[in-house]
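Breakdown of the fold
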Amino acid sequence: MDVDAFVTHRGLLFTVAYEMLGSAADAEDVVQEAWLRWAAVDHDEVRDARAYLVRIVTRQALNHLRTVSRRREEYPGEWLPEPLLTSPDVAEDVELAESLSLATLTVLETLGPTERAVFVLREVFDMPYTDIASAVDKPSATVRQIAHRAKQHVAARRPRVEVDRTEQQQVLERFLRAFNTGDLQGLMDVLAPDVVAVADGGGKVRGAARRPVVGAARLVAYVLGGFEKFGMRPVASPAWVNGGLGALVEVDGALAAALSVTVEDGRITRIYSVANPDKLARLDAAATLSR
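Everything numeric in this text was worked out from a predicted model, so none of it was measured.

Reading guide: rules and limits
- Residues numbered from 1 in each chain as written.
- Predicted model: local features only at pLDDT ≥ 70, side-chain atom pairs only at ≥ 80, totals over all residues.
- Heavy atoms only, no water.
- Pairing = 2+ DSSP bridges.
- Helix = DSSP H or I, 4+ residues; strand = E, 2+ residues; numbered from the N terminus.
- Buried < 20%, exposed > 50% of the residue type's maximum accessible area, 1.4 Å probe, protein only.
- Phe/Tyr/Trp six-rings, centres within 6.5 Å; stacked < 30°, edge-to-face > 60°.
- Salt bridge = Lys/Arg side-chain N within 4 Å of Asp/Glu carboxyl O.

Time to look at the sheet that holds strand β3 (residues 235-241). Sheet architecture is open: six strands sit in the order β2-β1-β6-β5-β4-β3, paired in mixed fashion. Two strands bound the open sheet, and with one partner strand each, they are β2 (213-214) and β3. Two strands pair when backbone bridges link them, and β3 and strand β4 (residues 244-251) are joined in this way by seven bridges, in the antiparallel orientation. Residue V241 lies in a different strand from β4, and its bridge partner there is G244.

It is worth spelling out the environment of Q32 at this point. The residue Q32 is located in helix α2 (residues 24-39) in this model. Judged by relative accessible area, which is 42%, Q32 ranks as partly exposed. Separated by 25 residues in the primary sequence, Q32 and V57 place their C-alpha atoms 9.4 Å from one another.

A full pass over the atoms with the stated rule returns four aromatic pairs. Plain terms: the ring middles of F14 and Y18 are 6.2 Å apart, the flat faces sit at 10° to each other, and that makes the pair stacked. Remark: Y18 and F14 occur in helix α1 (residues 4-21); sequence separation between them is four residues, near one turn of the helix. Judged on exposure class, the residue F14 and its partner Y18 are both buried. Summarising the aromatic geometry, the rings of F175 and F179 are spaced 5.9 Å apart at their centres and angled 35° between planes, so their arrangement reads as tilted. Of this pair, F175 and F179 both sit in helix α10 (residues 165-181), four residues apart, roughly one helical turn. Note on F175: relative accessible area 5%, which makes it buried.

To continue, consider the pattern of salt bridges. The final tally for this structure, using the stated rule, is nine salt bridges. A salt bridge links E109 to R116; the nearest nitrogen and oxygen atoms lie 2.6 Å apart. Accessibility expressed as a relative area gives 27% for E109, which makes it partly exposed. Overlapping salt bridges, with partners in common, bring together D93, E95 and R291 in one network.

This is the structure in structure tokens:
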């Protein structure tokens with residue numbers, strides 16, 4: 001059996017599945033299913049292993065998306081993608097890093113399953129329309145129309161802010177220093193006045209807001225008040241999260257949340273906080289990603 005092709009493209013297959021599903025656990029399931037299907041075919045009949053494997057993964061991911069959509073609609077509070085630890089080199093591929101960001105993945109949740117598949121395969125992986133058409137079982141002309149609409153949809157909702165890496169790092173360091181010391185003024189200085197914080201506790205975490213918290217004053221009062229109310233002393237440390245600078249938060253030495261931030265004009269404008277323990281299980285090592 002030709003396992004080499006599957007092993008060679010495994011990082012790519014996981015990345016495709018993750019970008020379509022926003023869940024590392026579900027992406028792993030899809031990749032495993034793809035392996036089983038790959039093992040059952042005559043590889044001599046496969047002319048392009050990469051395209052063939054991507055097609056399998058896309059179809060499996062589409063099936064999965066359609067089954068989990070209802071579950072996500074009934075999710076307690078805000079649903080955010082499962083965060084990934086990523087290596088610094090992922091951030092060097094700007095387009096890949098941007099597509100992996102929690103901000104972008106959250107926008108992709110507003111697309112239908114086929115739209116999302118077409119957008120990911122075209123905009124992130126630059127696949128030919130004919131290959132995408134085969135993967136989603138649509139005519140090429142239809143796929144072109146879907147790709148155009150999906151691109152416009154995402155562009156209208158995704159923040160496109162080019163920030164120098166050094167500036168991002170400096171802003172994050174200021175935020176973490178203020179966060180770790182409970183410095184109210186320090187937090188107010190680093191947060192934009194209209195900052196939006198979105199938390200995903202999955203209904204399992206005390207103090208996790210069920211709705212976005214808007215405004216620096218409200219957010220600081222909510223965070224510091226929660227620390228006092230629940231007697232928590234969290235410690236946040238910088239980490240590469242979904243291709244960008246973020247942080248991991250620990251309480252009493254145990255991982256409690258992963259944070260991703262958006263920086264504009266020297267301040268943090270958006271914070272994504274994933275605290276649902278079911279989504280923190282795979283943050284012990286950087287994910288293998290490629291395109």
